[in-house]
Amino acid sequence: MSQTIVPDSQARGLLARLPDTPRALVQMARFDRPIGWWLLFWPGAWAVALAGGGFARWPLILWLLAGSIAMRGAGCVFNDIVDRDLDRKVARTAARPLASGTMTLRTAWLWLVALCLVGLIVLLQLRLYAQVVALASLALVAAYPFMKRITGWPQVWLGLVFSWAALVGWSEVMGALTLPGISLYAGTIFWVVGYDTIYALQDREDDALIGIGSSALSMGRHVRLGVALCYLCALGLWSGAIWQVRPQMLALAALLPVAVHLLWQVATLREDGLDPLVKFRSNRFAGLLMFLGCLVVGSA
């Protein structure tokens, strides 16, 4: 295994001290890799903040965080169930519990059900309208693991899925899906495509060998330009969402910190070694900057 590829199932620190089965459960749900649930959580927090609920609805933000942790874990388990044969052929994923044979398929299905039950508890905290919006995402979630087999742009589908919390958070606070929330969601799709294209740079060679699609492969020699265009579209649509909430030029200045951060990602991106993983993980900070901007605009 190349030293520049970081396996996504590493047993280190406290995780290494756990018994085999609990350790495998933690690894399968990626609880040891929190970047995934941060990226799933932030769009929902942005929506709540931009809709004016950043302070008054702080319990909702905590519920969205809990739901993001549980449902990101459930999504990872389902993805591993579907992709267990492909994972054995990719350096970064070969050590996953199902791919490596350290967990049985039956245990994986039981773990998936348990995580979904936690998600159900979170769902019941929402008003009916937001519950329906949240449930509408399940078809997209279920289809995502198959997208890499049928399209060269599975990151677009991931964008539809990983941005959905924006619709849930907005509809919970506002009671309906209105244009600012939809614009926020649309911009977030481009953000996800951008950062997951960076992440996919790690697997380009393996993906090409086993014949599965990724935007990093589809963009070819133009990955930096492609990511830049995705981030530019994200910022444009986010600007539209903010303008619809508060039509003032000063409000748009709230996007400057996240815009600078995204520019830094593109300008300094190296397409090999550990840099794609570093840049991908930095989007947790980008999410925080965007949240602070939405909080300022929504609370003004």
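Residues numbered from 1 in each chain as written. Predicted model: local features only at pLDDT ≥ 70, side-chain atom pairs only at ≥ 80, totals over all residues. Heavy atoms only, no water.

Enquirer: So what exactly am I meant to see when it comes to the nonpolar core here?
Expert: Buried together is how nonpolar side chains tend to be arranged in soluble globular proteins. Of all hydrophobic cores here, the largest spans 69 residues; its most connected members are Trp46, Trp191 and Trp238. It is helix α3 (residues 35-53) that contributes the most residues to this core, 12 residues altogether. Setting aside residues up to four positions removed in sequence, Trp238 forms contacts with Trp46, Leu184, Gly187, Thr188, Trp191, Leu255, Leu262 and Met290. In terms of nonpolar packing, the next biggest core, distinct from the first, is built from 15 residues, Ala24, Val77, Ile81 and Leu115 among them. (Core = buried A, V, L, I, M, F, W, Y, C linked by side-chain atoms within 4.5 Å. Buried < 20%, exposed > 50% of the residue type's maximum accessible area, 1.4 Å probe, protein only. Helix = DSSP H or I, 4+ residues; strand = E, 2+ residues; numbered from the N terminus. Contact = heavy atoms within 4.5 Å.)

Enquirer: What is the right way to read the packing of helix α7 (residues 128-135) against helix α10 (residues 164-174) from this model?
Expert: Helices that pack against each other are described as a pair by the angle of their axes relative to one another and the distance between those axes. Between α7 and α10, the least distance of the axes is 8 Å, while the angle of their chain directions is 170 degrees. Judged on the interaxial angle alone, α10 and α7 are roughly antiparallel. Facing α7, whose interface residues are Tyr129, Ala130, Val133 and Ala134, α10 presents Trp164, Leu167, Val168, Ser171 and Glu172. Across the contact of α7 with α10, the residue classes break down as seven nonpolar, one polar and one charged. (Axes fitted to C-alpha atoms, helices over the stretch in contact; angles between N-to-C directions. Parallel < 35°, antiparallel > 145°, perpendicular 65-115°, else oblique. Nonpolar A, V, L, I, M, F, W, Y, C, P; charged D, E, K, R; others polar.)

Enquirer: So what exactly am I meant to see when it comes to the pattern of salt bridges here?
Expert: It is possible for side chains bearing opposite charge to pair when their charged atoms get close. Across all of its chains, the model carries 10 salt bridges by this definition. We note a salt bridge from Arg30 to Asp80, for which the minimum N-O separation is 2.8 Å. With Arg30 in the loop between α2 (20-28) and α3 and Asp80 in helix α4 (residues 58-87), this residue pair connects regions lying 50 residues apart in the sequence. Here Arg30 matches Asp80 in class, with each residue buried. Residue Arg57 is joined to Glu172 by a salt bridge in which the shortest nitrogen-to-oxygen separation is 3.1 Å. Here Glu172 lies in helix α10 and Arg57 lies in the loop between α3 and α4, a separation of 115 residues in the sequence. With relative accessibility at 26%, the residue Arg57 sits in the partly exposed group. Via salt bridges that share partners, Arg30, Asp80, Asp87 and Arg96 belong to a single interconnected network. (Salt bridge = Lys/Arg side-chain N within 4 Å of Asp/Glu carboxyl O.)

Enquirer: Just to check I follow, could you spell out the packing of α4 against helix α8 (residues 138-150) for this structure?
Expert: Axis separation between α4 and α8 bottoms out at 9 Å; the angle between their running directions is 20 degrees. As judged from the angle between their axes, α4 and α8 are roughly parallel. Taken as a pair, α4 and α8 cross one another with a handedness that is right-handed. Counted together, Phe78, Asn79, Val82, Asp83 and Leu86 of α4 and Val141, Ala142, Tyr144, Pro145, Phe146, Lys148 and Arg149 of α8 form the full contact between these two elements. Of the residues in the contact of α4 with α8, the class split is eight nonpolar, one polar and three charged. (Left-handed = near helix turned anticlockwise from the far one by under 90°.)

Enquirer: So what exactly am I meant to see when it comes to unusual backbone geometry here?
Expert: The phi torsion of most residues other than glycine is negative, and most of the peptide bonds are trans. For Arg30, which is not a glycine, the phi torsion comes out positive at approximately 60 degrees. By relative accessible area, Arg30 is classed as buried at 4%.

Enquirer: I'm lost on the environment of Arg224 in this one. Help?
Expert: Relative to the helices and strands, Arg224 resides in helix α14 (residues 223-245). You can call Arg224 partly exposed: its relative accessible area is 33%. Note: C-alpha distance between Arg224 and Gly194 (30 residues apart in sequence) is 9.4 Å. Setting aside chain neighbours within four positions, we find Arg224 in contact with Val266, Ala267, Thr268, Leu269 and Glu271.

Enquirer: Honestly, the side chain of Ser282 in this entry has me stumped. Any pointers?
Expert: On the secondary structure map, Ser282 appears in the loop between α17 (275-281) and α18 (283-299). Only 3.5 Å separates the side chain of Ser282 from the side chain of Gln265, close enough to count as a polar contact. Not counting residues within four places of it along the chain, the set of residues in contact with Ser282 comprises His261, Trp264 and Gln265. (Polar contact = N/O pair within 3.5 Å; in protein donor to acceptor, adjacent residues only side chain to side chain.)

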